[in-house]
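Here is how the chains run, residue by residue.
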Amino acid sequence: MGKRQSLGGDAAAGGNPRKRQRIVHHEAPTSEKIHASRQLQQLLTFDQDTGKARHGLQSFKLFLEELLSEDKTTTDHETRCRILREYLESTRPGSEEEEKNAAYLPDIMQTWSHAGQLNNDQVMSAVPAVLALLLRLLSQSLDLVLFGLGVCRALLQKKQLDLMARNLCTDKGKSFIISPTLRLLREAICFDGGAVAKPFFRARTFTLKALARNLGIAHVGVGEIAVDEDKKRPSTRTNAVRFFLSALKFLHPEAKKELLSQKDVIAGLMRGIKQDPPYLVIEILEGLRDLVIQDDKVPREAKASLLNSSTLARVASLYSYPSLSDEDSDHLPSIPDLAHSFLMTACTSPSCGVLKFDSGFYPRDVDPDAAVPGAELDDLGLESIVWMNRFKNDVPVRNYVLSTFLQDLRPWSNVKQSELVIAIFKVAPELVAHFFITNKSFSFEPKLSATWIGYAAFLFQTATLPLPDCFCRAPNYPLLPPPTSIVVDNILPLPLNQKALARCLAHKGSMISFFATRILVVALQKLDLAVKMYHDPSHANKTLWGEAARRLADEFCQRSPNIQEMINSYRSIPGQDLLHREAASRLLRLYYEVIPQVALMAKFDVSPFLETALKRLSEKSEQEEGDARDHALSLMELENLLAIAGYSPGMRWFSVAENLALSPFTSLLKVFVEAPHGVVLSKVREVLDFVAKEQQLAPTRPGNPGMVPLLECLQYVRSTDASYMPHIWPFLDNCLTRLATAPIKYLESMQNMAQQATSSKKRGPQEKAIVSPMAVVMAEQTPFAIKGADGVVLGALSAFLPVFLDFSETAGESRKVLDTIRESINGHFDDKKARHKRVKRPYQFNSLPSNEKTTDGETEERTSNSRGKTKSEVPMINDDQLQETLHVEDGLAADNSALMKWPSKTADELVDDGYAMSLVSLLVSEHASIRREALVNILKMAAKLKASDYEEKEQIWLLLSEISESASKAGHDIGQGPLPSQVVAFACHAIKVLRDPLNPLYPKVNTFLTRGPVWDLNKVPLVNEVLSEEPSVDDSYYAQISWLLAYMIDALRTPADLALFHKKRLHGGPLLERLLALASNPYMRNPLKMQILRLLYRATTIEGGSTTLITRFGIVSWLEAQGASYAQDSEEAGIHMALLRRIWSTCDQQRVSAWSRQGIEGVINGDGLS
């Protein structure tokens, strides 16, 4: 007979599964109403019959509940209180000795002990429930406090502690036993303001028994959240939470610290918080906030034990807590708002224990003040700092808890989470780079969805975060700059790479393109601020910080999209999207201001955009009704475009587009004149004055009113009769265009008129026969304008021209010359049609100030001019200021570290990071061994580049090969002396051209390289092609001149170089004379003229250079002529005078004085440039 099959583990354990289990029915306890203390004593007297014990406890419980719930002023209440007092007096120990050994309520305590022996759950539950009610009642009366303290001391006896611990450790399913015990402990700890909290905590082996487990016994209801939990019958977890919070409230700080250090209790408290009912969540958050976080007496370590990453993550889960019902929302705060407030306080306050003080952009374990040997810094630069390039893929942080917590947040899907992350980033900037390096779950690929928009908004807020003070939250800058990768990640967060931003800018959805544009705007503003911090004058090693600033700009350019893509994006924006257009124009403007080397390389003609903006503004000004905000946005866009036009050398101010009736300058003038009242157009006025000065529309001598008479006249005519203006603008545009095209012609005509006006009578010392060339060109064009014109046009011109002449006369221009012009204009008008009388002189200028278009400085200047103040002193510039303005670092300075560093670099880094240029510049080193080694390494680098996949590898290889061939086979021994400076300087600057095919000099350099394998070392490469030939790319003449002047400055280093500049003849004369002649171009901007002055300053640093400039090039006369073209009180005039003084101080004064017969010394010691 086979074995029977096993019936399972329960049967094996001794149970018989086929035997029916005994079902115990617990009857509800009976009770009776209490009328006297004697009756109460009898009911609570110990009896081994558990039924009688339950009867007495239930009667006492109902008696206590009635006392707690009824009105205290009634007679019945006083009677019951008397009964209770008599009962407590009867059970009180007789003496202090007995009180220490015996217990209050001995019968109840004995009943409880007996129930424990019998395992009677009903009595085990009833006794704690009755004692909890009793303590609650006793705490409400000062007369009964002593009895309550006695009960509490009785509970602290070993027997009662064992019973409470047994109740707390009972089965999970017996909540009816656990909950009353927790309520009893809570009432005991809270009694009399926590008078016995300390001894109860000392007995924590019993009182805190199984607390972590009990915190997890939650109400089992319908749904994820226990909203159906009865407040009158709270769950075990609710009672445990309230007991825990009460302990925190009444315990001293050291006890709190020990309680909070119990990780299982903290985990149990926070584990089920998302499933708790609303009122319990509120109690937990407010209790922890008030009792722990905001309690200054609690140590930071204790707070840190509570606020670990797990706790923060569980509180953060409350962001998705369901909305409260209508009944609860009226009197309960919002759970997500409360959780957000809790986390904002916990994560952003250093006193809360979570936030640790960081070092800004310097990672953990990095010493920014570590001493680096000076020799290494000079040779290797940033490469001498071992940790500079270490943090591209991982950033060690001090705030580990916050970094772990941030990975659980989704700021792109919740506004409050986004606010929390941004607030954490603001107080702990070290976490920005770490967050995006470790969190790559979401990309910035354009997709018009709510999630993408939230992510874009989060990245925008991240980019707007301020930079830490001194990059490290210290009062002073450290010795070493921060890692470039971390700074770039804070300026342009890691998800914003070049590919993603380019796709966003090219996206058809305007919102996506607008978000990308706005992010780039704030990133560029932040980059500008960072670069200024890098160039702060307080840095100990300015060279090192300057190199770091250049690397920062390069890293930003590599991560941001090409400027041509931004231009295309701006071009595709509809005209009605004013907000987007303003942001895009501001982005382009910032590129010109912050990274001009990148912006100027782009082929961006701002003229069409400027003309379109002017046309749009003109159309809006003609409309009577319009939104003022739209007009303001259009003006902001116009200001941005004007700023770009000021930086762009190819701006065509006086060319009329096909779809426009006026040139950009006249359209801008029209916008200024016809702007609504109260609009401040100071930027527009600055551009008008600047262009008028550059294009010689008005005399630039001191005391001349410039554009003021014309602007005043237009305002006056418009205020008198606005119908004239549409007929005046075409005439004025024609005159200004002709004047800008041929300014010399009209200047000569003005001089002839001045000679004729003063031939009959000699001019007084205070009167100068000077008028604006605009009056001359108007006199010339008047007969053509009135020929065939109707009466309306004649009326408009006859109203405009005399008023303009009178305004010019009032502004201080020559009255005799103006009378000559006035007679010429009046002679062209038919007497029958129109001949306006002159406006009575002197005319007061009132129109511009009333329209708020001039600043106080302009008004004061105009007033002073009208009074005849035409003389001012040349500002004095000392030698230090002159050096700061004109000194340029030697671009061919030896960097011997390039010999060691280049082999480990990629082809892109060799060209883009300047290693190829550094290697080539070593050919002018004074050490023969370095020159030979550099020549060998140049050949190796050329071979490495040709074998790479670099896009422009053929051109760079050809250049390196040709300069190597020229150094070894052109009759020059590299070991005997350095290569000529002009050859090496050309090679270095040509590399910059070849790495960018969009450079306007790219065709010329390639043509030069294909002429032959060896260069003539006695010639200056590519000078004739730049100075004499047309540009290869339209509107790139000034860009080529800028490149040539920078190349010439680096080529002038030694006396031999200066001799070459003197002896080398081009088609128009010696090389230096051709370069000096460039300054006579009236269209050349001041930055390029300053480059010529820097070239002269470089010549003064060479031995004998100043003497050569004076005796061979007539530099004194040249500086006098150039200085005279500026206002005497301008900074430029001061620079010319200071340079003249430096040339005199550095020359051979004895020889020069004899050569000039003391003439130059007289100029230097005179009143200044004349």
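Residues numbered from 1 in each chain as written. Predicted model: local features only at pLDDT ≥ 70, side-chain atom pairs only at ≥ 80, totals over all residues. Heavy atoms only, no water.

### Re the overall build of the protein
Then, number 1: A tally of regular secondary structure across the protein gives 63 helices and two strands.
Then, number 2: Burial statistics for the protein: of 1170 residues in total, 52% are counted as buried.
Then, number 3: Across the protein, every contact between residues at least 6 apart in sequence was considered, and the portion connecting residues at least 24 apart equals 75%.
Then, number 4: Carbon and sulfur atoms make up 49% of the accessible area of the protein, which amounts to about 54,300 Å² in all. (Helix = DSSP H or I, 4+ residues; strand = E, 2+ residues; numbered from the N terminus. Buried < 20%, exposed > 50% of the residue type's maximum accessible area, 1.4 Å probe, protein only. Contact = heavy atoms within 4.5 Å. Areas by Shrake-Rupley, 256 points an atom, 1.4 Å probe, with all protein chains shown as cover.)

### As for helix α6 (residues 106-118)
Then, number 1: In this model, α6 (13 residues) spans 18 Å end to end at C-alpha, consistent with the 18 Å of a helix rising 1.5 Å per residue.
Then, number 2: Every buried residue belonging to α6 is among I108, M109, T111, W112, S113, H114, A115 and G116, and all of these are buried.
Then, number 3: Once α6 ends, the next one or two residues include N119, with phi positive near 55 degrees. (Expected span 1.5 Å × (residues − 1).)

### Observations concerning the pattern of salt bridges
Then, number 1: In the structure shown here, the tally under the stated rule is 31 salt bridges.
Then, number 2: Note that E780 is salt-bridged to K745, the shortest N-O span being 3.3 Å. Of this pair, E780 sits in helix α41 (residues 773-786) while K745 sits in helix α40 (residues 743-759), placing them 35 residues apart in sequence.
Then, number 3: Under the relative-accessibility criterion, K745 is labelled partly exposed at 44%.
Then, number 4: Several salt bridges share partner residues, and in doing so they unite D806, E809, R815, D819 and R822 into one network. (Salt bridge = Lys/Arg side-chain N within 4 Å of Asp/Glu carboxyl O.)

### Observations concerning the packing of helix α38 (residues 708-720) against helix α39 (residues 725-741)
Each packed pair of helices is defined by two parameters, the angle between the axes and the distance between the axes.
Then, number 1: One way to put it is that α38 packs onto α39 with a least axis distance of 11 Å and a crossing angle of 155 degrees. With respect to their mutual orientation, α38 and α39 come out roughly antiparallel. The way α38 lies across α39 gives a crossing that is right-handed. Between α38 and α39, the contacting residues are L710, L714, V717 and R718 on the first element and M725, I728, W729 and L732 on the second.
Then, number 2: Looking at the contact of α38 with α39 residue by residue, the class counts come to seven nonpolar, no polar and one charged. (Axes fitted to C-alpha atoms, helices over the stretch in contact; angles between N-to-C directions. Parallel < 35°, antiparallel > 145°, perpendicular 65-115°, else oblique. Left-handed = near helix turned anticlockwise from the far one by under 90°. Nonpolar A, V, L, I, M, F, W, Y, C, P; charged D, E, K, R; others polar.)

### Section: the nonpolar core
Then, number 1: In terms of nonpolar packing, the biggest core is built from 262 residues, with F425, F444, W653 and F800 touching the most fellow members.
Then, number 2: Counting residues per element, this core draws most heavily on helix α29 (residues 510-534), at 12 residues.
Then, number 3: Apart from residues lying up to four places away in sequence, F444 is in contact with W452, Y455, A456, L459, P495, L496, A500, L501, C504 and I519. (Core = buried A, V, L, I, M, F, W, Y, C linked by side-chain atoms within 4.5 Å.)

### As for a negative patch on the surface
Then, number 1: On the surface, D554, D908, D912, D913, D949 and E951 cluster together into a negatively charged patch.
Then, number 2: Summarising the element assignment, E951 is placed in the loop between α50 (928-946) and α51 (953-969). (Patch = residues over 30% accessible without salt bridge, like charges linked within 9 Å, V, L, I, M, F, W, Y side chains within 5 Å. Lys, Arg positive; Asp, Glu negative; His and termini not counted. Charge placed at Lys NZ, Arg CZ, Asp CG, Glu CD.)

### Some remarks on the packing of helix α16 (residues 263-271) against helix α19 (residues 309-316)
Then, number 1: At their nearest, the axes of α16 and α19 sit 10 Å apart, and the two run at 10 degrees to each other. One way to sum up the angle between α16 and α19 is to call them roughly parallel. Between α16 and α19, the contacting residues are I266, A267, M270 and R271 on the first element and T311, R314 and V315 on the second.
Then, number 2: For the contact of α16 with α19, the per-class residue count stands at four nonpolar, one polar and two charged.

### Things to note about the environment of Q715
Then, number 1: Checked against the element boundaries, Q715 lands in helix α38.
Then, number 2: The buried category is assigned to Q715, whose relative accessible area is 7%.
Then, number 3: Separated by 42 residues in sequence, Q715 and V673 place their C-alpha atoms 6.2 Å apart.

### Describing the packing of aromatic side chains
Then, number 1: For the structure shown, the criterion picks out 28 aromatic pairs.
Then, number 2: Ring centres of Y362 and W387 lie 6.4 Å apart, and the angle between their planes is 75 degrees; this geometry places the pair in the edge-to-face category. Of the two residues, Y362 sits in the loop between α21 (335-348) and α22 (374-380) while W387 sits in the loop between α22 and α23 (400-406), which places them 25 residues apart along the sequence.
Then, number 3: Overall, W387 belongs to the buried group, its relative accessible area being 9%.
Then, number 4: Ring geometry for F986 versus Y1047: centroids 5.8 Å apart, planes at 55 degrees, classification tilted. Of the two residues, F986 sits in helix α52 (residues 981-994) while Y1047 sits in helix α55 (residues 1037-1051), which places them 61 residues apart along the sequence.
Then, number 5: Classification of Y1047 as buried rests on a relative accessible area of 0%.
Then, number 6: Above the ring of W957, the side-chain terminus of K946 is found at 3.7 Å from the ring centroid. (Phe/Tyr/Trp six-rings, centres within 6.5 Å; stacked < 30°, edge-to-face > 60°. Lys NZ or Arg CZ within 6 Å of the ring centre and 35° of its normal.)

### Re unusual backbone geometry
Then, number 1: The phi torsion at D192 lies on the positive side, around 55 degrees, for a residue other than glycine.
Then, number 2: Here D192 falls in the partly exposed class, since its relative accessible area comes to 42%.
Then, number 3: Phi is positive for D365, which is not a glycine, with a value near 70 degrees.

### Details of helix α25 (residues 430-438)
Then, number 1: Of all nine residues making up α25, eight are buried, and the element is well covered by its neighbours.
Then, number 2: Burial in α25 covers these residues: E430, L431, V432, A433, H434, F435, F436 and I437.

### With respect to the environment of F800
Then, number 1: As for its placement among the helices and strands, F800 is situated in helix α42 (residues 791-810).
Then, number 2: C-alpha separation for the pair F800 and I728, spaced 72 residues apart in sequence, amounts to 7.5 Å.
Then, number 3: Not counting residues within four places of it along the chain, the set of residues in contact with F800 comprises L710, C713, L714, V717, I728, F731, L732 and M778.

### Some details on the side chain of T1100
Then, number 1: Mapped onto the elements, T1100 comes out in helix α58 (residues 1086-1100).
Then, number 2: Here T1100 falls in the buried class, since its relative accessible area comes to 5%.
Then, number 3: A polar side-chain atom of T1100 sits 2.5 Å from the main-chain carbonyl oxygen of Y1097. (Polar contact = N/O pair within 3.5 Å; in protein donor to acceptor, adjacent residues only side chain to side chain.)

### Here's the deal with the confidence of the model for the protein
Then, number 1: In the predicted model, the protein carries a mean pLDDT of 81, and the fraction of residues at 70 or more is 85%.
Then, number 2: Counting interchain partners and residues more than four positions distant, the pLDDT-below-50 stretch residues 6-15 has three contacts.
Then, number 3: Confidence drops under pLDDT 50 across residues 760-767; counting only partners more than four residues distant or on other chains, this segment forms six contacts. (pLDDT = per-residue confidence, 0-100.)

### A short note on the environment of S384
Then, number 1: Position of S384 relative to the elements: it lies in the loop between α22 and α23.
Then, number 2: On the accessibility criterion, S384 (8% relative accessible area) is buried.
Then, number 3: S384 sits 10 residues away from G374 along the chain, and the two C-alpha atoms are 9.8 Å apart.

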